[in-house]
Each structure stands twice: as structure tokens, then as C-alpha cells.
Amino acid sequence: MTGFLAGLGAKLAERWAALLVLPCLIYVSAMTSGLVLGHRHALDSARLTAWIDDMATRHTASNAGVILLVAAGVLSASAVAGLLASALGNTLEWSWHRPEQGSLSRALTRRRQARWRAEDARFARELAAAAASVVSPAVRGRTPQLPPGAATALIRRNAVALEPPVGPTWIGDRFRALTRRVHRAYALNLHAAWPSLWLLLPDQPRAEISAGRDAHSAAARLGGWAVLYFLLGTLWWPALPAAVLLFAIAWYRARVTAAVLAELLEAAVDLYIRDLAAHLGLTPDDPLTTRTGQAITDLLEKSSEVGPRP
């Protein structure tokens with residue numbers, strides 16, 4: 001047990017160092033450069049070198065107390081920066097997943113809905129032009145062999161959203177599409193069923209889903225660093241290009257990891273919904289129908305008591 005705990009502690013320390021220490025130290029270094037140089041001397045490396053030499057001259061290496069204080073200050077500033085980046089990342093992740101709220105959010109949602117309708121109409125026209133029957137909305141995108149033009153139109157439509165958009169961001173709509181697709185296929189309320197389903201998953205799918213969740217959170221945390229660099233850019237303009245680059249990378253990674261995580265969650269439902277039904281004492285249909293999913297939902301979606309208690 002002692003060896004296991006020691007190994008676990010070492011792994012946690014390595015992970016903390018990889019995720020936080022290096023980005024934090026880089027940010028503290030950039031912040032120090034910004035405070036010393038400012039906008040006017042933003043790229044003056046000689047000025048920064050002179051400041052470092054002056055600090056080293058005034059506080060010689062023989063003064064162990066000063067060295068310890070400086071090291072403690074750097075580590076404290078790094079820890080604060082890491083906590084701020086994590087908090088900002090959590091806020092960004094929440095904003096990506098939140099439903100339509102506020103005038104800006106409604107405007108973005110309407111814009112995405114208009115784009116989706118336009119691409120959906122193009123998809124329907126391509127099908128009609130290829131003399132294919134109009135596919136119902138419930139099964140669009142599942143036709144095994146689509147004409148080339150229709151396949152391209154379908155890709156363009158799905159790039160906007162897999163389902164008609166109801167939120168301001170692609171990421172939020174991707175996860176909402178997951179719940180709608182699962183409900184359409186099985187009449188299953190995924191929000192109610194997921195905690196029970198998670199308890200039944202074997203170690204491998206759990207590990208894959210956890211890794212996908214961690215990757216999505218890491219992308220949001222990178223966006224948090226972008227916000228910090230943007231704030232630093234108010235004092236030192238070279239931080240602004242870094243902020244833009246970091247946010248672009250964060251947004252790209254967030255979209256990719258959201259798609260992967262949603263696919264993993266949907267696959268987990270497809271593979272283990274029968275096990276969930278069996279553990280709840282239900283006999284799954286063969287092939288599985290919405291009757292089984294509705295029965296699972298009825299058992300797990302516990303409604304609040306309405307009216308006066310007897």
C-alpha cells in the first residue's frame with residue numbers, strides 16, 4: 001500500500017508539473033517582462049538584461065534569505081496564476097455549454113440557426129437533384145450511399161450542427177445533439193440515466209471517457225491562459241498576439257475534444273443500455289426499441305411530489 005501511494009503521489013506530482021508549473025512560470029516571466037518594459041520598451045531585451053543584472057548586483061547570491069524570498073514569491077505568483085487560469089477556464093467551459101441567454105447569445109443562436117437552415121435546404125436540393133427521395137429529418141445523414149453533391153452538403157450542414165441549433169456555440173449544441181439523438185433512438189433521458197449507466201461501465205470505457213473529459217477541460221484551461229495573456233497585453237503589447245494564438249488553439253481543441261467526448265458518450269449508451277435495463281430488472285427488446293428506453297427513463301426520472309402530503 002505504501003508503494004502504491006508513493007507511486008500515485010509521484011504521478012500526481014508529474015502531472016501537476018506538466019500541467020501547471022511550466023505554463024505558470026512562463027506566464028510569471030512574461031508578466032515580469034511586461035512590468036519592467038511596458039509598451040514603450042516592449043522589445044528592448046537590453047533593458048530587461050540590465051534590470052536582471054541590477055537585481056543580481058543588489059541582491060548577491062550570498063544572501064540566502066533574499067534568494068528564498070524571491071523563490072517563494074515566484075512560486076506563489078505561479079500558483080495564483082495557475083488557479084486563475086483554471087477558474088477562467090471553468091468559466092469559459094460553462095459559457096461554451098450554456099443555453100441561449102441574453103441579447104448577444106440570442107443573436108448568435110439566430111445566426112447559427114439561419115446557417116443551418118440554409119445548409120439543410122441545400123442538402124435537400126442536392127437530394128432532389130439526384131432524383132433521391134426526400135429523407136425525413138429523423139434519419140437525415142444516415143443514408144448509406146449519398147450522391148456526391150448531397151454528401152458534401154451534408155458535411156457542410158453538420159459542420160454547423162448535427163441537429164438544429166438551439167444555442168450560441170457549436171460545442172454546446174454538440175452535447176445537446178447527443179441527448180436528442182439518444183432520446184430519438186431509445187426514448188431515453190440521458191441526464192437521468194447517465195449516473196446509473198456510468199456505474200455499470202467497465203474500466204476501459206470509463207478511462208476513455210475520463211481522458212476525453214480531461215482533454216476538454218485542458219482546452220478550456222488553455223483558453224483561461226489566453227484571457228490572462230490578454231489582460232497582460234494591457235501592460236505589454238507582445239502578450240496580445242500570444243493571447244490570440246492561445247485562444248485560437250484552445251477553441252480548436254475544445255471543438256475536437258467535444259466531438260470526441262460526445263461520440264464516446266453516445267457509444268457508451270449504445271453498448272451498455274441493455275446492461276442498464278437488465279440491472280433495473282427490465283427485459284430489453286430485441287432489437288432494442290424505444291419501449292425499453294422509456295421504461296428506463298420512467299424508473300430513473302423520479303418526479304417531485306406534487307400536492308399536499310397525506
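Everything numeric here is computed off the predicted structure, so don't read it as measured data.

Student: What am I meant to see in the overall build of the chain here?
Tutor: Per the secondary structure count, the chain includes ten helices and zero strands. Across the chain, helices and strands are ordered from the amino to the carboxyl terminus as α-α-α-α-α-α-α-α-α-α. Here the chain, with 310 residues, has 33% of them falling under the buried criterion. Taking as baseline every contact in the chain between residues at least 6 positions apart, the subset at least 24 positions apart corresponds to 69%. Total accessible area on the chain stands at roughly 18,600 Å², and carbon and sulfur atoms take up 64% of it.

Student: Help me understand the packing of helix 6 (residues 170–186) against helix 9 (residues 239–279) in this model?
Tutor: Angle between the axes and distance between the axes: these two values describe a pair of packed helices. Following both chains from N to C, one finds helix 6 and helix 9 inclined at 15°, their axes separated by 9 Å at the closest point. The orientation of helix 6 relative to helix 9 falls into the category roughly parallel. You can see that helix 6 and helix 9 cross each other, and the crossing is right-handed. The residue inventory of the contact of helix 6 with helix 9, partitioned by class, reads 15 nonpolar, no polar and six charged.

Student: I keep staring at the side chain of Arg112 and nothing clicks. Help me out?
Tutor: Locating Arg112 in the fold gives a position in helix 4 (residues 102–129). For Arg112, a relative accessible area of 7% translates into the label buried. Within the structure, the side chain of Arg112 is placed 2.5 Å from the backbone oxygen of Val160, a separation counted as a polar contact. Residues within four places of Arg112 in sequence aside, it is in contact with Val160, Ala161, Pro165, Gly167, Pro168, Thr169, Trp170 and Asp173.

Student: Would you take a moment to explain helix 10 (residues 290–300) for this structure?
Tutor: Structurally, the α-helix is built with 3.6 residues per turn, so residues lying three or four positions apart point the same way. Among all positions in helix 10, only Thr292, Gly293, Ile296, Thr297 and Leu300 are buried. Down the axis of helix 10, the buried side of the element spans an arc of 135°, and every buried residue falls inside it. Pointing more than 90 degrees away from the buried face of helix 10 are the exposed residues Arg291 and Asp298. Where helix 10 is buried, its residues contact helix 6, helix 7 (190–200) and helix 9.

Thresholds, definitions, all that
Residues numbered from 1 in each chain as written. Predicted model: local features only at pLDDT ≥ 70, side-chain atom pairs only at ≥ 80, totals over all residues. Heavy atoms only, no water. Helix = DSSP H or I, 4+ residues; strand = E, 2+ residues; numbered from the N terminus. Buried < 20%, exposed > 50% of the residue type's maximum accessible area, 1.4 Å probe, protein only. Contact = heavy atoms within 4.5 Å. Areas by Shrake-Rupley, 256 points an atom, 1.4 Å probe, with all protein chains shown as cover. Axes fitted to C-alpha atoms, helices over the stretch in contact; angles between N-to-C directions. Parallel < 35°, antiparallel > 145°, perpendicular 65-115°, else oblique. Left-handed = near helix turned anticlockwise from the far one by under 90°. Nonpolar A, V, L, I, M, F, W, Y, C, P; charged D, E, K, R; others polar. Polar contact = N/O pair within 3.5 Å; in protein donor to acceptor, adjacent residues only side chain to side chain. Arc of directions from axis to C-beta.

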